[in-house]
Amino acid sequence: MNVTDLLNSVPTGLWLHGASAPSESGRTFDVINPATGETLMPVANATPADATAALDAASAVAEEWAATAPRVRAEILRAAFDAVTARADDFALLMTLEMGKILPESRGEVAYGAEFLRWFSEEAVRIGGRTATAPAGTGEIAVVKEPVGPCLAITPWNFPLAMGTRKIGPALAAGCTMIVKPAEDTPLTMLLLARVFADVGLPPGVLSVLPTLDAPTVVGRLMDDARLRKVSFTGSTGVGKILLARAANNVLRTSMELGGSAPFLVFDDADLDKAVDGAMLAKMRNGGEACTAANRILVQNGVREAFTARLTERVAAMRVGPGWEAESAIGPIINARQRGSIAALVDEAVAAGATVRTGGSQVDGAGFFYEPTVIDGLPDGARIRREEIFGPVAAIVGFDTEEEAVALANDTEYGLAAYFFTENVGRAQRLARRLQAGMVGVNRGVISDPAAPFGGIKQSGLGSEGGSEGIEEYLNTKYIALPPG
Ligand code: ADP
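In what follows, the accompanying structure is described.

Parameters at a glance
- Residues take numbers from 1 onward in each chain, read along the sequence in its written order.
- Since the coordinates come from a predicted model, pLDDT governs what is reported: local features require at least 70, and pairs of side-chain atoms require 80 or more to be given and counted, while whole-chain, interface and lining totals use all residues.
- As a convention, hydrogens and water are excluded, and side-chain values are obtained from all of the structure's heavy atoms.
- Nearness of a residue to a molecule or strand requires only that one of the residue's heavy atoms be within 4 Å of it.
- For the purposes of these results, a polar contact is taken to be a pair of N or O atoms within 3.5 Å, where, inside protein, one atom must be able to donate a hydrogen and its partner to accept one; residues adjacent in sequence count only when each atom of the pair is a side-chain atom.
- The way it works is that DSSP assigns letters per residue, a run of H or I at least four long becomes a helix, a run of E at least two long becomes a strand, and they are numbered from the N terminus.
- Residues are grouped as follows: Ala, Val, Leu, Ile, Met, Phe, Trp, Tyr, Cys and Pro are nonpolar; Asp, Glu, Lys and Arg are charged; every other residue, Gly included, is polar.
- Whether two strands pair depends on DSSP finding at least two bridges between them.
- To obtain an axis, a line is fitted to C-alpha atoms, over the contacting stretch when the element is a helix, and the angle between two such axes runs from 0 to 180 degrees between their N-to-C directions.
- Any two residues whose heavy atoms approach within 4.5 Å at even a single point are treated as in contact.
- Any Lys or Arg side-chain nitrogen located within 4 Å of an Asp or Glu carboxyl oxygen qualifies as a salt bridge.
- When accessible area is computed with a 1.4 Å probe and restricted to protein chains, residues below 20% of their type maximum are described as buried, those above 50% as exposed, and intermediate ones as partly exposed.

**Thoughts on the site of the ligand**
Link 1 in the chain: Near the ligand lie 16 residues; those nearest to it are Thr-155, Trp-157, Lys-181, Glu-184 and Ser-236.
Link 2 in the chain: One of the side-chain N or O atoms of Lys-181 is found 2.7 Å from an oxygen atom in the ligand.
Link 3 in the chain: Contact distances for the ligand include 2.7 Å between an oxygen atom and a side-chain N or O atom of Ser-236.
Link 4 in the chain: Mapped onto the shell around the ligand, the elements with two or more residues apiece are α9 (215–223), β10 (230–234) and α10 (237–249).
Link 5 in the chain: With three residues, the top contributor of residues to the shell around the ligand is α9.
Link 6 in the chain: A breakdown of the residues in the shell around the ligand according to their chemical character gives ten nonpolar, four polar and two charged.

Here it is as structure tokens:
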């Protein structure tokens, strides 16, 4: 499909009652192509009244959807997996256009994102419970699982498809209805997904999509309505804290996938080929715009210079350009504000004495490009050593001992992902336990898998997405006390 036909196939309205609809205000906002700075297309801009309409719909069908046979829910999810997979090229191009990542990475996200639909179609028919005889013999204990009810998903712009399917898949499998508030930078992918779901037979009202420039009031309206029972959020820790406080009003169930500051440890006994390959993936995949991205690359001093030189050579060879061009190895940053925050972190570090090994500047001209960068010699207090970079900047710090490495790695309020490279089995076992993170990669630069639980500890979040754990986030546990049998 060419770009015009593709954009014409994306709903321009809110997705409500199984169809595209204008906002009650008639307002729209423009979605921008970050590689050019130009408008791709306008979409409807939801208001709080639109949010209430979506929740009316989600509540009206909640009971019926919860009572739908698990096999029927499973087959709708499986059909959605097939439909997304059949349109993989369209979804990939759409993500490249609205988010900027290079096409091979967009294709990778389509495969990964669609897999949540297949995985949870398989989980839908395996929701279990348990029974037991009361120890005193006074009765039977029956434990059943029930859908939590209407849910709100708030998604970020960095993985426009997968961050949606990772929430929609388990919610629909569990029998919940869902309203998605996609990131304002990338609403198109979620709107196209909603249309695909309608095409494969998802009943109207079960899934709604509300693009908006006014996230706080739209989300606030939904969270203060007692009919909403759950909010699942992926985004920054700062916004997550606001949402957790708001969730207290109605004691909502919450799942929080928040920021990270993943340490990436390379030991003297590492296989440097693997470590450099791993760093390229953990740091440069998705332009570094991932909460699991290697934020602090900690390298033992015996191999620091060798590792840094090899990584620098690889990073310097990356061609920056629009994601749809075959020669591009890295696309633009999502927007000017985000690029500015990356540039500020690098500029401050350099002013304080850090050394730029390659890159270090934004690219002039149209679009929001930033050179892939390697810096080292970072002073102790540099902000870049504490804050989430969320861009293609590899910040390298040396260490001498394993103790020092663990202390540096854990010295953060975050606890999402951690990576380490060593060929020493004993060290690997120690580190896997000692690193304070919800996910640990051993000699691997990519860890996400729909069949594994994704989630953080400390200020990186609450709950798990994916795996057999993921569906639990959308289920309540009910105890039914029965008389003795
Ligand atoms: P990022 O830094 O990646 O943009 P954010 O946490 O700001 O991460 O955004 C993630 C999602 O949260 C987006 O969909 C955004 O619109 C939404 N969001 C941002 N601020 C708020 C807020 N105050 N209330 C509700 N949603 C918000």
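**Focus on the sheet that holds strand β16 (residues 393–399)**
For sheets, the rule is that strands pair by backbone hydrogen bonds, running either parallel or antiparallel.
Link 1 in the chain: Taken in spatial order, the seven strands line up as β14-β15-β16-β13-β12-β17-β18 in an open sheet, and their pairing is mixed. The open sheet has two edge strands with one neighbour each: β14 (355–358) and β18 (439–442). Taking the axes of each pair of neighbouring strands and ignoring which way they run, one obtains an average angle of 25° across the sheet.
Link 2 in the chain: In the sheet, strand β12 (residues 262–266) pairs with strand β17 (residues 417–421) via three bridges, with the strands oriented parallel. Within β17, the residue paired with Leu-265 across the bridge is Phe-420.
Link 3 in the chain: Lying over the sheet, helix α11 (residues 272–284) contacts β12, β13 (294–300), β15 (373–376), β16 and β17, oriented at roughly 165° with respect to β12.

**Some remarks on the pattern of salt bridges**
Link 1 in the chain: Using the criterion set out here, one finds 28 salt bridges in the structure.
Link 2 in the chain: Of the charged contacts, one joins Lys-101 and Glu-109 as a salt bridge, the two residues approaching to 2.4 Å between their closest N and O atoms.
Link 3 in the chain: The buried category is assigned to Glu-109, whose relative accessible area is 2%.
Link 4 in the chain: In this structure, Arg-385 and Asp-380 form a salt bridge, with 3.3 Å as the shortest nitrogen-oxygen distance.
Link 5 in the chain: Overlapping salt bridges bring together Asp-269, Glu-402, Arg-427 and Arg-430 as one network.

**A few points about the environment of Val-125**
Link 1 in the chain: Its location among the elements puts Val-125 in the loop between α6 (103–124) and β5 (130–133).
Link 2 in the chain: Along the primary structure Val-125 and Ala-74 are separated by 51 residues, whereas in three dimensions their C-alpha atoms are 6.9 Å apart.
Link 3 in the chain: The residues touching Val-125, leaving out its near neighbours within four places in the chain, are Pro-70, Arg-71 and Ala-74.

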